[in-house]
Amino acid sequence: MNRDAPPPIRRLDATEAASLAPALAEVLVDCVAGGASVSFMHPLDPARSLAFWQGVAAGVARGDRALFVAEEAGTVLGTVQLLLAMPENQPHRAEIAKMLVRRTARGRGLGTALMRAAEGLARDLGRSLLVLDTAEGGEGERLYRRLGWTALGTIPRFALHPDGRPCGSTFFYRDLAA
Ligand SMILES: CC(C)(COP(=O)(O)OP(=O)(O)OC[C@H]1O[C@@H](n2cnc3c(N)ncnc32)[C@H](O)[C@@H]1OP(=O)(O)O)[C@@H](O)C(=O)NCCC(=O)NCCS
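It should be emphasised that the depicted structure is a prediction, and the values quoted were computed from it without experimental measurement. (Residues numbered from 1 in each chain as written. Predicted model: local features only at pLDDT ≥ 70, side-chain atom pairs only at ≥ 80, totals over all residues. Heavy atoms only, no water.)

Evaluated as defined, the whole model comprises twelve salt bridges. Residues arginine 108 and glutamate 72 are paired through a salt bridge, measuring 2.7 Å at the closest nitrogen-oxygen approach. One end of the pair, arginine 108, is in the loop between strand S4 (93-101) and helix H4 (110-124); the other, glutamate 72, is in strand S2 (residues 65-72), and 36 residues separate them in sequence. Arginine 108 sits in the buried class, given a relative accessible area of 10%. Judged by relative accessible area, glutamate 72 falls into the partly exposed class, the value being 33%. With a closest N to O distance of 3.4 Å, glutamate 139 and arginine 106 form a salt bridge. Separated by 33 residues along the polypeptide, glutamate 139 in helix H5 (residues 139-146) and arginine 106 in the loop between S4 and H4 bring together distant segments of the chain. (Salt bridge = Lys/Arg side-chain N within 4 Å of Asp/Glu carboxyl O. Helix = DSSP H or I, 4+ residues; strand = E, 2+ residues; numbered from the N terminus. Buried < 20%, exposed > 50% of the residue type's maximum accessible area, 1.4 Å probe, protein only.)

Now the structure itself:
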């Protein structure tokens, strides 16, 4: 297990999000190739991955979401998003999405550091309730349980793994006001 300290986490503005879209696209292709159930099937076409991140950058520009990256020596190693565009009767809520760390950079605390950054921004923005879902029994579920999130339960066959096998999804929440 790699014991280097995780690199700093940075929140991107819309211009930076657009310029790092190609690098973020590579991280997503790497994670999907590694079996991560994160909305895409394997093999993920790099052009489709790029288009996805260009859409994310547009969402950052609209203020719908916040985008964080972990970078080292100019390489994007990990990312997470905080989804902020909630219905008007849920101004206190936000969602965690696309928590991704390159396979070669795992086990160094990047996932933990990315989650801490997203939770910190949620607190600063007065979003006291966070929710997410993740592949049943995966590294994400381990991470969120270790970080003290509350698991609500699992919906079987909620999605597919990148190789086509059915994948249950475990739903979590965190009450930052508790
Ligand atoms: C889930 C994911 C983001 C975790 O990222 P990560 O950077 O490896 O997470 P961390 O390094 O913080 O924690 C992973 C493990 O490394 C350990 N670790 C963290 N820092 C460490 C360090 N400096 N030294 C030794 N071990 C360390 C943690 O204790 C943890 O151990 P555990 O698995 O036994 O609980 C990553 O596995 C991933 O991208 N998976 C594919 C995509 C995915 O499924 N994302 C979730 C979607 S909701």
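Read on for the rest.
Attention now goes to the sheet that holds strand S1 (residues 9-12). The strand order S1-S2-S3-S4-S5-S7-S6 describes an open sheet built from seven strands, whose pairing is mixed. The sheet is open, and its two edges are formed by S1 and strand S6 (150-160), each paired on a single side. Shown here is a sheet whose adjacent strand axes are inclined to one another by a mean of 25°, direction ignored. Pairing between S4 and strand S5 (residues 129-135): three bridges, direction parallel. (Pairing = 2+ DSSP bridges. Axes fitted to C-alpha atoms, helices over the stretch in contact; angles between N-to-C directions.)

A few words on the site of the ligand. Around the ligand, the surrounding shell holds 23 residues, and the nearest of these are Met99, Val101, Gly109, Thr112 and Arg142. A distance of 2.7 Å is found between a nitrogen atom of the ligand and a backbone nitrogen or oxygen belonging to methionine 99. A distance of 2.6 Å separates an oxygen atom of the ligand from a polar atom in the side chain of arginine 142. For the shell around the ligand, the secondary structure elements donating two or more residues are S4, H4, S5 and H5. Partitioned by chemical class, the residues of the shell around the ligand number nine nonpolar, seven polar and seven charged. (Near = heavy atom within 4 Å. Polar contact = N/O pair within 3.5 Å; in protein donor to acceptor, adjacent residues only side chain to side chain. Nonpolar A, V, L, I, M, F, W, Y, C, P; charged D, E, K, R; others polar.)

This paragraph deals with the packing of aromatic side chains. Within this structure, the stated rule accounts for five aromatic pairs. Look at phenylalanine 158 and phenylalanine 171: their rings are 5.3 Å apart centre to centre, the planes differ by 80°, and that puts the pair in the edge-to-face class. In this pair, phenylalanine 158 is assigned in strand S6 and phenylalanine 171 in strand S7 (residues 166-175), connecting sequence segments 13 residues apart. Taken together, Phe40, Phe52 and Trp53 form an aromatic cluster joined through their ring pairs. (Phe/Tyr/Trp six-rings, centres within 6.5 Å; stacked < 30°, edge-to-face > 60°.)

Before going further, it helps to spend a moment on the nonpolar core. By size, the foremost hydrophobic cluster in this structure holds 27 residues, and its most contacted members are Phe68, Leu82, Ile96, Met115, Tyr144 and Trp149. At the level of secondary structure, the elements contributing two or more residues to this core comprise S2, strand S3 (75-83), S4, H4, S5 and H5. Here the element with the most residues in this core is H4; it accounts for seven residues. Apart from the residues within four sequence positions on either side, phenylalanine 68 is in contact with Ile9, Arg10, Arg11, Gly78, Thr79, Val80, Leu114, Ala117, Ala118 and Leu121. Core analysis: the next-biggest nonpolar cluster, separate from the first, contains 23 residues, Leu24, Leu28, Leu44 and Ala57 among them. (Core = buried A, V, L, I, M, F, W, Y, C linked by side-chain atoms within 4.5 Å. Contact = heavy atoms within 4.5 Å.)

In this structure, alanine 118 sits in helix H4. The spacing of alanine 118 and glycine 35 is 83 residues in sequence and 24 Å in space, taken between C-alpha atoms. Sequence-distant contacts of alanine 118, that is, excluding residues within four places in its chain, are made with Phe68, Val80, Leu82 and Ile96.

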